[in-house]
Amino acid sequence: MKRLLSTVLLALCIGHYALCIDKDFNKHFVDSTLRIDYILSGNVESQAISLDGMSRMPGWHGKRQHLTQIPMHGDATISMRLASTGEEIYQHTFSTLFQEWLDLDDAKLAPKAFECVELLPMPRDSVVVTVNLYNHRHQVRASLEHKVYPTDCTIVRKGERDVPEYVILNEPARKDKAINIAFVAEGYTAEQMQDYLNDCKKGVEGLFGFEPYKKLRDRFRVIAVLTPSRDSGPSIPSEGVWHNTAMGSSFDTFGMARYLTTLRIKQMHDALAGTPYEHIIVMVNTDRYGGGGIYNTLNLLMTKHRLFIEVLVHEFGHSFAGLADEYAYEGEEPNDFPLDVEPWAPNITTLTNFDSKWRDLMPGKKIAIGTADEKNYDTQTIGLYEGAGCVLKGVYRPTPNCMMKTLKIPVFCPVCTRAIEHVIDFYTK
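Described in the following lines is the structure provided in the data block.

Scoring rules and cut-offs
- Residues numbered from 1 in each chain as written.
- Predicted model: local features only at pLDDT ≥ 70, side-chain atom pairs only at ≥ 80, totals over all residues.
- Heavy atoms only, no water.
- Salt bridge = Lys/Arg side-chain N within 4 Å of Asp/Glu carboxyl O.
- Phe/Tyr/Trp six-rings, centres within 6.5 Å; stacked < 30°, edge-to-face > 60°.
- Helix = DSSP H or I, 4+ residues; strand = E, 2+ residues; numbered from the N terminus.
- Buried < 20%, exposed > 50% of the residue type's maximum accessible area, 1.4 Å probe, protein only.
- Lys NZ or Arg CZ within 6 Å of the ring centre and 35° of its normal.
- Axes fitted to C-alpha atoms, helices over the stretch in contact; angles between N-to-C directions.
- Parallel < 35°, antiparallel > 145°, perpendicular 65-115°, else oblique.
- Left-handed = near helix turned anticlockwise from the far one by under 90°.
- Contact = heavy atoms within 4.5 Å.
- Nonpolar A, V, L, I, M, F, W, Y, C, P; charged D, E, K, R; others polar.

It is worth spelling out the pattern of salt bridges at this point. Counted according to the given criterion, the structure contains 22 salt bridges. Asp355 is the partner of Arg359 in a salt bridge, and the nearest nitrogen-oxygen pair spans 2.5 Å. Glu386 is the salt-bridge partner of Lys393, the closest N and O atoms lying 3.9 Å from each other. Within this structure, Arg35, Asp37, Lys158 and Asp270 form a network of salt bridges that share partners.

Scanning all chains against the criterion turns up 18 aromatic pairs. Plain terms: the ring middles of Phe98 and Phe114 are 5.6 Å apart, the flat faces sit at 55° to each other, and that makes the pair tilted. Of this pair, Phe98 sits in helix H2 (residues 97-101) while Phe114 sits in strand S5 (residues 112-123), and the two are 16 residues apart along the sequence. Overall, the relative accessible area of 8% leaves Phe114 in the buried class. Feature note: the residues Phe208, Phe210, Tyr213, Phe220, Phe316, Phe320 and Phe412 constitute an aromatic cluster, connected by ring pairs. Arg64 extends its terminal NZ or CZ atom over the ring of Phe25, reaching a point 4.5 Å from the ring centre. A cation sits over an aromatic face here: Arg288 above Phe251, 5.1 Å from the ring centre.

We now examine the packing of helix H3 (residues 193-207) against helix H5 (residues 308-319). Two elements in contact, H3 and H5, have axes whose closest approach is 9 Å; the angle formed by their N-to-C orientations is 60°. Classified by the interaxial angle, the pair formed by H3 and H5 is oblique. Considering the relative orientation of H3 and H5, their crossing is right-handed. Contact with H3, carried on its side by Asp199, Lys202, Gly203, Gly206 and Leu207, involves Phe308, Ile309, Leu312, Val313 and Phe316 of H5 and no other residues of that element. Classifying every residue of the contact of H3 with H5 gives six nonpolar, two polar and two charged.

What follows is the structure in structure tokens.
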């Protein structure tokens, strides 16, 4: 009887908590998405953010709790405050390709412009939206503040008709607390859609074959959006190959042969309008090795290479959980990486504020340089191993090897695993 009573009370408490979450969300928002397009422009000397347009789409597929909190800092934030009172009602964090470009020598030359699209819950009342871009010292490098009026007739309606066809690949236990992922076809022609769906199914099973995604699979809704391209395969500028594709993807981003991305961010979101999505995985029809993941922006990868699944999981570590690369190569260190500032990524440290990272997981302080036998990844000691975030000296990773360091390791280390679980819990609890 006591056990039954405890179960009933627990259910009531959970139900009350859920009602509180819904009440808090419904107080300020309606079940629609406000999409805001920005142009990020400039060079290393100065940067600017410009408003490029707004649209409204059916349904909201992002978080409904922790509305003013963020799971980690990121390279940029966007927030909403009530215009009437100044109360903050929403905050989100992300990173951009523009900020990656600012670390390159090319950014010392002529200014360039990059597209940026942010999805927000549609507010009931007028709000002030603030976008901040940060440098490596977590200082604001560019900022924009503008008002949004929900009744503004210039807010374009999108996704209400001609919604692209999609197939549901994974259903969550609760749709109102699900993390929504959309696979998107890129470089697949209309005749190759079945091949694309087969690749998506492989991708889903591959992603959920890794912990902690495997045990938390029922927190995710995954769809495969059918977005056929005119041409098969992405563009390869270094080989003079230019294709007309749904997402406008290409290799050779920033002169790096294996960096596969797209600059057509608005085009990508236009293709997804009306579908239930928040996180985007662009499935690129090519056997050429490459990919790229940008935190809370997008994930691209090749689907015909033997390392398809490993790259998908690694890049999703970037785009979903904000994990940093744990490898380091000579000649690839980013400009102006400050070793006296703690990076926001949860799996690397400069020891500036190590207490905020994985000190609690260490049996004792351990400094080590080098790597261990890759076959013994399951017995690695958590410690401080120099070389991470593409930097050889002064930046440390938690274990000798991990999926974020090498694709030869079929697991995430305990630190990365905990970070992924934290993000999943943040969006679903």
